[in-house]
Amino acid sequence: MKQYILILLTILSGSLASCSKFLDVKPKGKLIPSEVADFDHLLDNANIAQWAFVDNNVGCNLGYLTDNLAMSEGIGNINYKANNHPNIDRYWAYVFRQPYKNPATSDYFWDWGTYRSMAYFNNVIEGVHGIPNLSAENQQYAKRVVAQALVDRAWSYFITTLVYGPVYKPGTANDTKTIPYVISADVGAALPDLSTQEQTFALVSKDIQTALPDLPEVTNWPSRPNKVAAQALLAYYHLFTQKYDSVVYYANLAWTAASASGTDKLIYDYNGFSWTDPTNVVNSTIKAQDNFLTVANSRENLFYRNLDAGAGRSSSSYPSEEVIALYDQANDLRFKYFFLTAPGYKTTYNNVTYDDGNRIQYYRGSKSNMTAGFTYPELLLMRAEGYARTNQLSSAIADLNTLRRYRYKTGTPALGIGSQTEVIQQVLDERRRELPLGSFKRFLDLKRLCLEAGKPWSKTKITHKVGTEVFEGVIDSKDFILTISNLILKFNPQWNIPLDGRPF
């Protein structure tokens, strides 16, 4: 158990308690093989999708490291710091003060997110493989179930190695050890050594490629990956390897298959939106083309994982001035429906009043459903970026204009073709407008784009302000790397990582 402290027995038993009707657990935590359907049910457990890189109050400090969010003096120094906010790690991230998370306590990203999920994925993979004498029909069913678990596992480990590791640099050794690629379901098994980033990338690719032939075209819920989701993951993976022809290849396969029945089934047309109460839009809901705008199986969600839906509102942060300036406020309907002006943070502390007045705030998380996985619009933008990077500029612009028809007011002029640099910039700007402000999407984009020195989309540093104080973080440095909790390190001395003694 000491060697497998990553997944505490109490966490494992609690996680599987809701599935007790489907399984029996030996003392070491391994599942007794039964039916394929028994293991299949495990992939529907809410814990798999609920805790992906969020804290216990469902926020994500990774978004606070980026250029998407801003804090006023009242939010930063009073709401977070003076009031000892339960999620003070968001503030520490914003001011680039490490350790961002308390090294003496459980890390929700690690324990509740990645490695609790592995208790499901690895049990499914090993459990299904261990069922004897399957009929031909059940063999195909078993392959589909295992394939979904493999893609689930690959997605989690891919994000985790990028969060806990340095900037991945294609063409170099990438030999920094980051995370253990746990594949055993046995909690009594010795924990493997940390894998290097290059090793983790190779294992992620292997898991996805192994799964691809057996993945179903359709799954019963977007938290379960289908073939299109796996192809989207491969396209995303190759954005980081900078193999842009592979980005095009997999994104095109995915988008072509998904859009066979028309893009209207994949993307909401914001021109058809309206407010249920136009006189009070902050508290109003949006009337969309269906009743699924605010739920996980929204038409736009390809692969669902829960995220920080509250980033950008006055209890935690605001959208940065840079983000606000990205939008065509007159024509971009995302700005109309999601960037709303409302009273900002206000409080009195030590006889001093902090009042932000009316501020533009980001309401997308309360007005619609967002995902930390993949949406169909993101898939289209990945193909557009692949096209732009491989100098297929007309195709890239065509994809951009496809999305813009759904996001901008009817009659907004279409984009024209410029230079390759201009087209890449347009794609990346649209990507930033389309993806959530919080969570890890922008954080990881900054880590991959920082390698392109001299390009207009590349940054080496991020600057934040709290009142008159200025804080600076360097992207290709420890500032953009999370550290492993001491609760994990002290039971794994073989990793040779010293305990973090810094005060929190």
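Keep in mind it's a predicted model, so treat the numbers as computed, not measured. (Residues numbered from 1 in each chain as written. Predicted model: local features only at pLDDT ≥ 70, side-chain atom pairs only at ≥ 80, totals over all residues. Heavy atoms only, no water.)

Counting 149 residues, the largest nonpolar core has L62, W155, F158, I159, Y236, F374 and L379 as the members making the most contacts within it. Counting residues per element, this core draws most heavily on helix α7 (residues 136–164), at 15 residues. Those residues in contact with I159 that sit more than four places away from it in its chain are F53, Y236, F440 and L444. (Core = buried A, V, L, I, M, F, W, Y, C linked by side-chain atoms within 4.5 Å. Buried < 20%, exposed > 50% of the residue type's maximum accessible area, 1.4 Å probe, protein only. Helix = DSSP H or I, 4+ residues; strand = E, 2+ residues; numbered from the N terminus. Contact = heavy atoms within 4.5 Å.)

Turning our attention to the confidence of the model for the protein. Looking at the protein as a whole, its pLDDT mean stands at 93, while 93% of the residues score no less than 70. Scored below 50 in pLDDT, residues 1–28 shows 56 contacts in the model against residues more than four places distant or in partner chains. (pLDDT = per-residue confidence, 0-100.)

Leaving glycine out, the prevailing phi sign among residues is negative, and the prevailing peptide bond configuration is trans. Looking along the chain, the bond that leaves Q98 and enters P99 is cis, with omega of 0°. Phi is positive for Q242, which is not a glycine, with a value near 65°. Relative to the elements of secondary structure, Q242 occurs in the loop between α9 (227–241) and α10 (244–258). Q242 sits in the partly exposed class, given a relative accessible area of 31%. The residue N351 is not glycine, and still its phi comes out positive at about 65°.

The subject of this paragraph is the side chain of T161. Secondary-structure assignment places T161 in helix α7. Given a relative accessible area of 0%, T161 falls into the buried group. Look past the residues within four positions of T161 in its chain and what remains in contact with it is T178, I179, Q197, T200 and F201.

Let us now look at the state of the cysteines. For the structure on display, the rule yields 0 disulfides. The structure places no disulfide on C450, whose sulfur is separated from the nearest cysteine sulfur, that of C60, by 18 Å. (Disulfide = S-S within 2.5 Å.)

Considering all chains together, one arrives at 36 salt bridges under this definition. Between E322 and R432 there is a salt bridge whose closest N-O contact spans 2.7 Å. Within this pair, whereas E322 is found in helix α11 (residues 321–325), its partner R432 is found in helix α16 (residues 420–434), the two being separated by 110 residues in sequence. The exposure class assigned to R432 is buried, which follows from its relative accessible area of 10%. One salt-bridge network, held together by shared partners, links E300, D332, R334, R364, R404, R407, E430, R433 and E434. (Salt bridge = Lys/Arg side-chain N within 4 Å of Asp/Glu carboxyl O.)

Running from N to C, helix α15 (residues 393–407) and α16 cross one another at 30°; their axes reach a closest spacing of 10 Å. The angle between α15 and α16 places the two elements in the roughly parallel class. Taken as a pair, α15 and α16 cross one another with a handedness that is left-handed. Here L393, A396, I397, L400, L403, R404 and R407 of α15 come into contact with α16, specifically with Q420, V423, Q426, V427, E430 and E434. Taken together, the residues of the contact of α15 with α16 break down into 7 nonpolar, 2 polar and 4 charged. (Axes fitted to C-alpha atoms, helices over the stretch in contact; angles between N-to-C directions. Parallel < 35°, antiparallel > 145°, perpendicular 65-115°, else oblique. Left-handed = near helix turned anticlockwise from the far one by under 90°. Nonpolar A, V, L, I, M, F, W, Y, C, P; charged D, E, K, R; others polar.)

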